Amino acid sequence: MILLVTWCCCFIKKHLLFQFLMDLGIPDIKSLNISDQQSSSPSPGDAEYSYLSIERPDSGGTHTVRSISILVNHFRITFNPETAIMHYQVGIRRKMSYKTRFIKKPVSKDDQRKIKDKMFSDFPDIFPTHTSCYDGEKNIYSVNTLPTGEFEVNLSDGEENKMRSYTVTLKLLNVLKLSKLVEYLSGTILYNPRDILQAMDVVMKENPSRHRVSVGRSSYSREFKRDDDLHCGVAAFKGFQQSIKPTAQGLALCLDYSVMPFRKRISVLDFLQEHVWGFKELLTGNSGRNELKLLRRPVTKALRHLKVTVIHRATKQKFTIAGLSDFNARDLSFAIEDPEGKHPPREIGLVSYFREKYNKEITYKDIPCLDLGKNNRKNYVPMEFCILAEGQRYPKDDLDKNARQLLKNISLAQPKQRKNVICEMLRAEDGPCGGDFIRTFGIGVDQNMTSLEGRVIEPPELKFNTPAGSINSVRVDNEKCRWSLAGKSLVEGRSVEQWALIDFSSRDRSNKLNAEFFIRNLRGRLSNLGISMKEPLVHYTTDMHVFSNISSLHELLHGLVGEAHRKSNDPLQIIICVMAGKHQGYKNLKWVSETQIGVVTQCCLSSHANKGDDQFFANLALKINAKLGGSNVELIERLPGFADADHVMIVGADVNHPGSLNTQCPSIAAVVATVNWPAANRYSARVSPQENRKEKILSFGGMCLDLIKSYTRVNKVKPNKIVVFRDGVSEGQFNMVANEELRDLKRAIYEDDYQPTITLVVAQKRHQTRLFLEDERDGGSSGNVPPGTVVDTIIVHASEFDFYLCSHFGSLGTSRPTHYHVIHDENHFTSDKLQKLIYHLCFTFARCTKPVALVTPVYYADLVAYRGRLFQEAVKSTSPSAASFDEKFYKLHHQLENQMFFV
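Bear in mind that the values here come from a model prediction, so they are computed numbers and not experimental data. (Residues numbered from 1 in each chain as written. Predicted model: local features only at pLDDT ≥ 70, side-chain atom pairs only at ≥ 80, totals over all residues. Heavy atoms only, no water.)

J.: Kindly report on the pattern of salt bridges, identifying the contributing residues and their values.
T.: A complete count under the given rule lists 47 salt bridges for this structure. Of the charged contacts in the structure, one is a salt bridge between Glu751 and Lys718, with a shortest N-O distance of 3.5 Å. Taken as a pair, Glu751 in the loop between α19 (734-749) and β33 (757-764) and Lys718 in the loop between α18 (700-715) and β32 (721-727) lie far apart in primary sequence, 33 residues in all. Of the charged contacts, one joins Lys746 and Glu826 as a salt bridge, the two residues approaching to 2.7 Å between their closest N and O atoms. Of this pair, Lys746 sits in helix α19 while Glu826 sits in the loop between β37 (818-825) and α20 (831-841), and the two are 80 residues apart along the sequence. One salt-bridge network, in which partners are shared between bridges, spans Asp201, Lys205 and Arg217. (Salt bridge = Lys/Arg side-chain N within 4 Å of Asp/Glu carboxyl O. Helix = DSSP H or I, 4+ residues; strand = E, 2+ residues; numbered from the N terminus.)

J.: Can you tell me about the pairing of strand β21 (residues 450-456), naming the residues and giving the values?
T.: Most of β21 sits inside the fold, with 5 of its 7 residues counted as buried. Pairing of strand β1 (residues 66-72) with β21 involves 7 bridges; the strand directions are antiparallel. Of the residues in β21, the one forming a bridge with Arg66 is Val456. Where β21 meets strand β35 (residues 789-791), 2 bridges bridge the pair, whose relative direction is antiparallel. In the sheet register, Val456 faces β35, and the bridge partner there is Thr789. (Buried < 20%, exposed > 50% of the residue type's maximum accessible area, 1.4 Å probe, protein only. Pairing = 2+ DSSP bridges.)

J.: So what about the side chain of Arg212? Which residues, and what values?
T.: Mapping Arg212 onto the fold places it in the loop between α5 (194-211) and β8 (213-215). Its relative accessible area of 8% is what places Arg212 among the buried residues. Polar side-chain contacts of Arg212 include one of 3.3 Å to the side chain of Asp430. Apart from residues lying up to four places away in sequence, Arg212 is in contact with Ser219, Tyr220, Ser221, Arg222, Lys238, Gly239, Phe240 and Asp430. (Polar contact = N/O pair within 3.5 Å; in protein donor to acceptor, adjacent residues only side chain to side chain. Contact = heavy atoms within 4.5 Å.)

J.: Which residues make up the sheet that holds strand β20 (residues 443-445), and what values go with them?
T.: Sheet architecture is open: 6 strands sit in the order β8-β9-β10-β11-β2-β20, paired in antiparallel fashion. Where the open sheet ends on each side, the last strands, each with one partner, are β8 and β20. Put simply, the sheet's adjacent strands are angled 30° from each other on average, direction ignored. As judged from the 3 bridges shared by strand β9 (residues 218-220) and strand β10 (residues 234-247), these two strands associate in the antiparallel manner. Paired with Tyr220 across the bridge in β10 is Gly239. Lying over the sheet, helix α10 (residues 401-411) contacts β10 and β11 (250-263), oriented at roughly 160° with respect to β11. (Axes fitted to C-alpha atoms, helices over the stretch in contact; angles between N-to-C directions.)

J.: Could you give an account of the packing of aromatic side chains, with specific residues and numbers?
T.: For the structure on display, the rule yields 26 aromatic pairs. Note on Phe354 and Tyr358: the rings are 5.3 Å apart at their centroids and 50° apart in plane angle, and the pair reads as tilted. Here Tyr358 and Phe354 lie together in helix α9 (residues 350-358), a separation of 4 residues that amounts to about one turn. A relative accessible area of 2% places Phe354 in the buried class. (Phe/Tyr/Trp six-rings, centres within 6.5 Å; stacked < 30°, edge-to-face > 60°.)

J.: Hey, could you go over the state of the cysteines for me, with residue numbers and the actual values?
T.: What the rule picks out here adds up to 0 disulfides. The thiol of Cys423 is unpaired, and the distance to the nearest cysteine sulfur, on Cys433, comes to 11 Å. A relative accessible area of 13% means that Cys423 is categorised as buried. (Disulfide = S-S within 2.5 Å.)

J.: Go over the environment of Gly652, please, and point to the residues and values.
T.: The residue Gly652 is located in strand β29 (residues 648-656) in this model. Between the C-alpha atom of Gly652 and that of Leu185, which follows or precedes it by 467 residues, the distance is 32 Å. In contact with Gly652, other than residues within four places in its own chain, are Ala670, Val671, Val672, Phe725, Pro857, Val858 and Ala861.

Pasting the structure below:
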């Protein structure tokens, strides 16, 4: 039977294969090994490859208002199918001596590459450099057979550094036949040969890795231009991101422009003069000892854990800054021993030591030295002899306002500029096509971008009310697909009868709120949109200090709600909070109001409120109405793909992770779902903490079941169709979403008499694919592709159901389309119907008057996940870190469970 199944794999379509297996009575495709026994690629029986993809239901969409010619930053790759790539596993370990026998620290990535290069240079006859590529960790790929076994490599960083000995173990893991890649691209085999693609990816990165600074999938120049200096010891370094994609046209190299802030390779003294305010005056002698004490903390913070090289002796070694010396250079001394043992140890000052040993005179004697020691052994070096090592990233969030804006301007290259830069980087000598590496492996890359025809699909007509109360159909403008609120009333405006105002700017002289002016303008703008708003029941004035204390905030809000209740029996609808400026305590306000008090809040800045700008008050009105359960805009036409009798729930899901260095805080899972049909523009939300950096939503089924109950309470019927949009997962995680999250959903909601049909679509924004107009006249003023541009040929998967949709107008930089990939579909969407559904949903985002770049339920899930992160940060500030994993701290107040508190 296995032979029969193997034979069928080569001749029948994927959906037919699945049915065929079911007919044979084989319950689980995971139990089958349907790969060629001689194949070096993992079989689809492996857990990682058990995901059975959805085949495209047609040859792509046909609906269009016009076609446009597009260039895509995909460069077609050719290769010799007869080539075999040898895959070797590399193991590197330090040879232990008496002095190093207790060292268990793993070999650093920098040293790993140095050791590999040294081994290849020591044995050039058996390790040819130009026919082998290294991923910097555990894998070497070669077109030649390499010797296996153990090899001794001795490494030194230069003068005075003793040789370090390493044992390098080389083991042949696999012979990767590129003929298998041909079979996959032609559809003959079902599974993705990721090991072969990984090998080719390493080959394509080999040349950039030797000439550029590598960060993940990105490579950056070692130099920066004068205009890219961010003026704080940091500069914007330009480079590119690259990846290999199997597409309908074959294998393609996707390459995109990228910018990253790095610390400049300058002396430590120069860096501190730029980075730490007041340090320049300290060096010039214009400040006293007290200033030195004050600067010690910011200097230590700026330098700790950075890597430096030294210039007082010949060495290439990189040292990590452990801290600063307790004393200034002139006051430091230590004992040195006579190497011949003829004389007793003598005490010597650091200044004298550097003069005698290195013939170096220390200029800045009245500042601390850097401690470059490790393992609690001190190694003091004057700052003037230390240079920051290249390639040290600087966190974008730590940049000041001006530097952040400059970095943004550099990053947001306009389409024409971006297209030219991409082509230049592809063809550069230090780019992926430079050198002889790819040619040695029989690989070629087309130097021209992929050309194709894109379709622009029609935007929906929108529903508004007129001031007289009748329904008004509105068409969006042709270029940006925006709409104006002038002369229109919202579809369903919720009257604001019971509300309160808290003025947090009462003690801020420059930004103190003009309360009477603000209330009059806000009520007037709401009235123009068809919403009645009374005077506030309660008006409190306080200052921003209360934000810093959760107990004070709780007392303030609780007292305000109590006073409002004494004035009216109806519950308070909303609290409008006017702040003098942005404040870290914003998270405290949201956590207290949304989990404990049970009243939504709307924050704004007093500086904006006092200007009286109509657009500001219109945006405020949209948010207020959505939070109170109103409907801002609806579609004239029902969402496509469903029958009149259907009841549909649209779901969005996302996970927010803490920073990459944070291993203690939870990841935050968020799920949102519509509660009204057919308008499908009001959502309920659930949020839950889970294991740190866990991408799988552990409680997905339970959260969705809770949302179905909310839908049922509102509509008096359960949804018979569910469409789930999942954000934030890569292609390697599709199996997890399809076989774990989807199964969890079905187990949680299925009953004997209730089994709704489910469609599951992954939305991806973190990709490098960019669309450029061949003729700029096809686009708008920004030069980007127009809203509604769809691409579902050539650059998409050869057989799976995926497409790119640019739903928004890109006014800044180059638009990034969203990549939608269907991984489960029981609702039998065609390409046209699903593309139209997603595009139309992008017009239902509550807080703006334009289509958004990401399908609305995913956008909302992202906002809810971020709100959960704010809850976590608020909890952490008052409770032990373990408390941030407790679900009770994220439980929404029951009065807000079905309100859009997050918009």
